[in-house]
Amino acid sequence: VEASELLGSTQAARMRGQAGTALDAGDRANVLVERALAIEPESPFGLRLKAHIISSSATTELFEQGFRLYDKATLASNYLRRALASDPDFVPALAALAEYYRRFEWRWTEARTMMERALALDPNNSDAHLSYSYYLSGAGRCVEALKHSRAALAIDPEFGVPVVVINERAS
């Protein structure tokens, strides 16, 4: 839980232009995640956090290596698959892997199925709503996408999802 909170602070620090603070928090989070995975190597929560660390280059080491976005995402997806092998209903990993499939492998049917499953399991997961809104937008279902984007923002007001106000009668 502490590692998760630290990772949340890395995003806030980066948005404020405090890269050094962000990397320090990421380094501390990574140490905690590594300790947790040493105790329970197939912990879905630990594996999801490790995937997040990799995909966001949250540590000093990862940041300095300068991996391409695709390479980071692909490496992170391996941790997400392990998390789902351990717990097929772990919503954070379902939503993240579905987003990877949609964005990097163009496996839209599988991505949609996983996103819908994640939302059925946990309708209050802001990540699943956001991923599904991207999917729906790309599929041309923009009004539905907006509803899911608004749901993500309502669940987590600090989420940072820009929501465009449209004429409600048009929706």
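Residue positions are given per chain, counted from 1 along the sequence in the order it is written. Where local features are concerned, this predicted model is filtered to residues with pLDDT of at least 70; where side-chain atom pairs are given and counted, the filter is 80 or more; whole-chain, interface and lining totals use all residues. Only hydrogens and water are removed before side-chain values are computed, so all heavy atoms of the structure are retained for them.

## Re the packing of aromatic side chains
Note on ring pairs: Phe, Tyr and Trp rings are taken, using the six-membered ring of Trp, and paired if centres are within 6.5 Å. Classes follow the plane angle, with under 30 degrees stacked, over 60 edge-to-face and the rest tilted. Counting across every chain of the model gives six aromatic pairs. Aromatic pair W106 and W108: ring centres 6.0 Å apart, planes at 35 degrees, arrangement tilted. With a centroid separation of 5.3 Å and 50 degrees between ring planes, the pair formed by W108 and Y135 is classed as tilted. Here W108 is found in helix α7 (residues 108-121), whereas its partner Y135 is found in helix α8 (residues 126-138), with 27 residues between them in sequence. In this structure an aromatic cluster arises from ring pairing among Y70, Y100, Y101 and F104. Here the guanidinium or amino end of R107 rests over the ring plane of Y101, the centre of that ring lying 3.9 Å away. Only DSSP runs of H or I covering at least 4 residues are called helices, and only runs of E covering at least 2 are called strands; the numbering of each starts at the N terminus. Remark: a charge is flagged as sitting over a ring if the NZ atom of Lys or the CZ atom of Arg is within 6 Å of the ring centre and within 35 degrees of the ring normal.

## A closer look at the packing of helix α1 (residues 2-15) against helix α3 (residues 44-55)
How two helices sit against one another is set out by the angle between their axes and by the gap between those axes. Axis geometry follows a simple rule: fit a line to the C-alpha atoms, using only the stretch in contact for helices, then measure angles between N-to-C directions, giving values from 0 to 180 degrees. Put simply, α1 and α3 touch, their axes get as near as 11 Å, and they point 20 degrees apart. One element, α1, and the other, α3, form an angle in the roughly parallel class. The element α1 and its partner α3 pack so that their crossing is left-handed. The segment α1 lies against α3, with A3, S4, L7 and Q11 engaging F45, L49, H52 and I53. In the contact of α1 with α3, the residues fall into five nonpolar, three polar and no charged. An angle below 35 degrees is treated as roughly parallel, one above 145 as roughly antiparallel, one from 65 to 115 as roughly perpendicular, and anything else as oblique. The sense of a crossing depends on the near helix, which, turned anticlockwise from the far helix by less than a right angle, makes the crossing left-handed and, turned clockwise, makes it right-handed. The contact rule is simple, with two residues in contact once any of their heavy atoms fall within 4.5 Å. In this classification, Asp, Glu, Lys and Arg are treated as charged, Ala, Val, Leu, Ile, Met, Phe, Trp, Tyr, Cys and Pro as nonpolar, and every other residue, Gly included, as polar.

## A word on the pattern of salt bridges
Throughout this description, the term salt bridge denotes a Lys or Arg side-chain nitrogen within 4 Å of a carboxyl oxygen of Asp or Glu. The full count for this structure, using the stated rule, is ten salt bridges. Across the pair D71 and R68 runs a salt bridge whose closest N-O atoms are separated by 3.0 Å. Classification of D71 as partly exposed rests on a relative accessible area of 32%. Note that E144 is salt-bridged to R141, the shortest N-O span being 2.8 Å. Exposure categories follow from relative accessible area, calculated using a 1.4 Å probe and restricted to protein chains: below 20% of the type maximum is buried, above 50% is exposed, and the middle band is partly exposed. Residue classification places R141 among the partly exposed residues on the basis of a relative accessible area of 31%. Among the charged side chains, a salt-bridge network with shared partners connects R81, E105, R107 and E110.

## Digging into helix α6 (residues 91-105)
Expected span, for any helix, means 1.5 Å times one less than how many residues it has. With 15 residues, α6 extends 20 Å between its outermost C-alpha atoms, agreeing within 8% with the 21 Å of an ideal straight helix rising 1.5 Å per residue. The element α6 is extensively covered by neighbouring structure, given that twelve of its 15 residues are classed as buried. Taken together, the buried positions of α6 are V91, A93, L94, A95, A96, L97, A98, E99, Y100, Y101, R102 and F104. Of the surrounding secondary structure, the elements contacted by the buried residues of α6 are α3, α5 (69-86), α7 and α8. Positive backbone phi, at 55 degrees, marks W106, one or two positions downstream of α6.

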